[in-house]
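Chain residues, written in single-letter form:
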Amino acid sequence: MPFPTRENATYYKWLCATEQLQQIIKVKPFFRLSLFKSFSKLCAVKAYAVISLSALLCTQASAQKNNFSIDRRNNPLKDFSVTINKESHPFFVDIDGDGDYDCFSGEYTNGKLPKIYYYHNEGTNKNPFFKQVTGADNPLNKVAANTLTLPYFIDIDADGDYDCFIGEGSTGAILYYKNVGTATEPVFQKQSAANNPLSMVKFLASGIANPAFADLDGDGDYDCLVVDEDGNENYFKNTGTSKEPAFVHVANSEDPFSALTSSYKGTYSPSFYDWNKDGLTDLFVNTTYYKNVGTVGRPEFVVSSESQPFFQNKPKAEFTFTPLRWVDINKDGAVDVFQGNSNGSFVYQTLSSSSNAIVASPISKVQVLPNPSKEEFIVNLRTANAATIVRVTDEQGKIITTQFVSGNSLEFGKEFKPGVYFMQVMQNNNVVYAQKLVKE
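Parameters at a glance
- Residues numbered from 1 in each chain as written.
- Predicted model: local features only at pLDDT ≥ 70, side-chain atom pairs only at ≥ 80, totals over all residues.
- Heavy atoms only, no water.
- Pairing = 2+ DSSP bridges.
- Helix = DSSP H or I, 4+ residues; strand = E, 2+ residues; numbered from the N terminus.
- Axes fitted to C-alpha atoms, helices over the stretch in contact; angles between N-to-C directions.
- Buried < 20%, exposed > 50% of the residue type's maximum accessible area, 1.4 Å probe, protein only.
- Contact = heavy atoms within 4.5 Å.
- Core = buried A, V, L, I, M, F, W, Y, C linked by side-chain atoms within 4.5 Å.

Points about the sheet that holds strand β13 (residues 247-250)
Argument step 1. Judged by pairing direction, the sheet is antiparallel, and its four strands sit side by side in the order β10-β11-β12-β13 without closing on themselves. Strands at the two margins of the open sheet, each flanked by one partner only, are β10 (210-214) and β13. Strand-to-strand twist of the sheet, defined as the mean angle between neighbouring strand axes without regard to direction, takes the value 25°.
Argument step 2. One ladder, built from five bridges, connects β10 with strand β11 (residues 223-227); its direction is antiparallel. Bridged to A214 within β11 is D223.

What follows is the structure, given as structure tokens:
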């Protein structure tokens with residue numbers, strides 16, 4: 001008989017029970033039939049229990065693939081916090097065009113003048129190392145806001161560099177700082193109301209304006225969702241172009257977020273990320289997952305438990321402004337999540353495994369080389385047909401390029417800025433393959 005261990009414990013107990021039963025049967029033969037019947041039932045029950053336990057463990061393992069856990073040890077911002085030691089508001093962007101993510105953070109100051117903090121990444125895109133930069137070397141050192149600052153960076157005018165919108169407290173306004181410098185040497189200049197495409201927000205938002213941007217209707221420019229201090233949402237559709245934005249407030253049935261206001265707790269801390277990699281931007285309200293079940297041109301968001309992610313850090317849902325910031329900070333292929341918190345530091349959460357890899361169906365029919373790439377990407381499609389389309393979006397869901405495939409291969413991306421992109425291969429209006437692309 002093998003020595004009992006944790007691995008063979010079940011087998012050992014079964015073997016012991018069998019041998020003991022055999023001894024009893026030898027002594028009392030007339031018990032054979034009844035004992036075997038009882039033992040058979042017992043084995044059946046135990047077998048069912050083992051199968052049920054296995055199914056439970058498989059379910060737990062599947063769920064664990066979507067678990068984000070706090071990683072204090074490897075948190076690249078663990079040594080930093082905002083000065084007032086109240087709520088921090090981080091945002092990640094490659095502000096100097098060197099291929100890795102830098103970090104800016106706003107703060108909540110409860111009446112005092114808030115700042116924008118700048119943490120420059122002096123490491124690499126695989127081994128980040130942040131250093132706080134102050135004074136004139138901080139390109140947002142002169143930001144003037146009230147009570148709270150919530151920075152959000154996008155290239156709103158498609159000129160190749162990142163501009164900055166800042167939600168502030170008390171007035172419900174969104175400030176616009178246009179980058180009049182370059183993609184490698186940013187210079188931010190505050191714009192007047194006449195030149196701020198979101199100047200109307202302060203007339204609709206109460207107290208605090210918390211913006212989130214994404215291309216929600218698939219027309220190649222950024223749209224904007226704004227939530228306020230009372231948990232109200234306002235949707236601003238970009239009816240202009242990628243170079244000349246023009247936002248229009250949309251309400252009622254044309255507002256894809258109108259159903260969110262039915263929650264008694266309100267809507268706080270929105271962020272956009274295509275979690276299930278189906279080519280449609282999903283919504284997160286704090287840490288609650290709203291799957292986009294609509295179309296590229298008309299989004300529809302519903303609470304979903306299908307492959308939903310779970311977060312160890314769950315801030316209070318009401319009256320907090322700590323949205324999830326989705327970023328692959330070390331370029332390992334798995335998305336990470338940062339959040340601010342109420343003591344002014346930064347929370348870093350990572351997946352328990354890198355199993356949030358993009359689903360590709362079928363994998364063997366598409367090949368992307370090289371990836372990462374310093375030049376262009378070459379996509380080989382073995383079964384391309386007249387209906388095959390390749391679409392590439394940035395991390396905010398903005399469509400960067402859409403191309404029809406005329407042969408079995410396609411080259412693109414030489415003009416892409418360094419960063420992370422998502423590619424979808426579509427056939428007959430269905431996403432049949434998706435992959436993360438890294439431009440170095």
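Focus on the pairing of strand β2 (residues 88-93)
Argument step 1. Taken across its six residues, β2 has six buried, putting it largely inside the fold.
Argument step 2. Across the two faces of β2 the burial is the same, with S88, P90 and F92 and H89, F91 and V93 all buried.
Argument step 3. The sheet contact formed by β2 and strand β3 (residues 102-107) spans six bridges and is antiparallel. Looking at β3, one finds that H89 is bridged to G106.

What about the environment of V366?
Argument step 1. Inspection of the secondary structure puts V366 in strand β22 (residues 366-369).
Argument step 2. Sequence spacing of V366 and N408 is 42 residues, and the spatial spacing of their C-alpha atoms is 9.7 Å.
Argument step 3. Discounting chain neighbours no more than four positions away, the residues touching V366 are V379, N380, L381, M423, V425 and Y433.

Regarding the nonpolar core
Argument step 1. In this structure, L140, F153, L198, F213, F257, F272 and L283 are the most contacted members of the largest nonpolar core, which totals 45 residues.
Argument step 2. If you tally residues by element for this core, the top one is strand β8 (residues 174-179), at four residues.
Argument step 3. Those residues in contact with L283 that sit more than four places away from it in its chain are L225, F257, L260, P270, S271, F272, T288, Y289, Y290 and F301.
Argument step 4. Judged by nonpolar contacts, the second largest core, of 27 residues, contains F80, C103, F284 and L324.

Comments concerning the pairing of strand β16 (residues 288-292)
Argument step 1. Where burial is concerned, most of β16 is hidden: four out of the five residues are buried.
Argument step 2. Looking at chain direction, strand β15 (residues 282-285) and β16 are connected through three bridges and run antiparallel. Counterpart to V285 in the pairing with β16 is T288.
Argument step 3. The hairpin formed by β15 and β16 contains two residues between the paired strands, and N286 there has a positive phi angle of roughly 55°.
Argument step 4. Where β16 lies against strand β17 (residues 301-303), three bridges are found, and the strand directions are antiparallel. What sits directly across from Y290, in β17, is V303.

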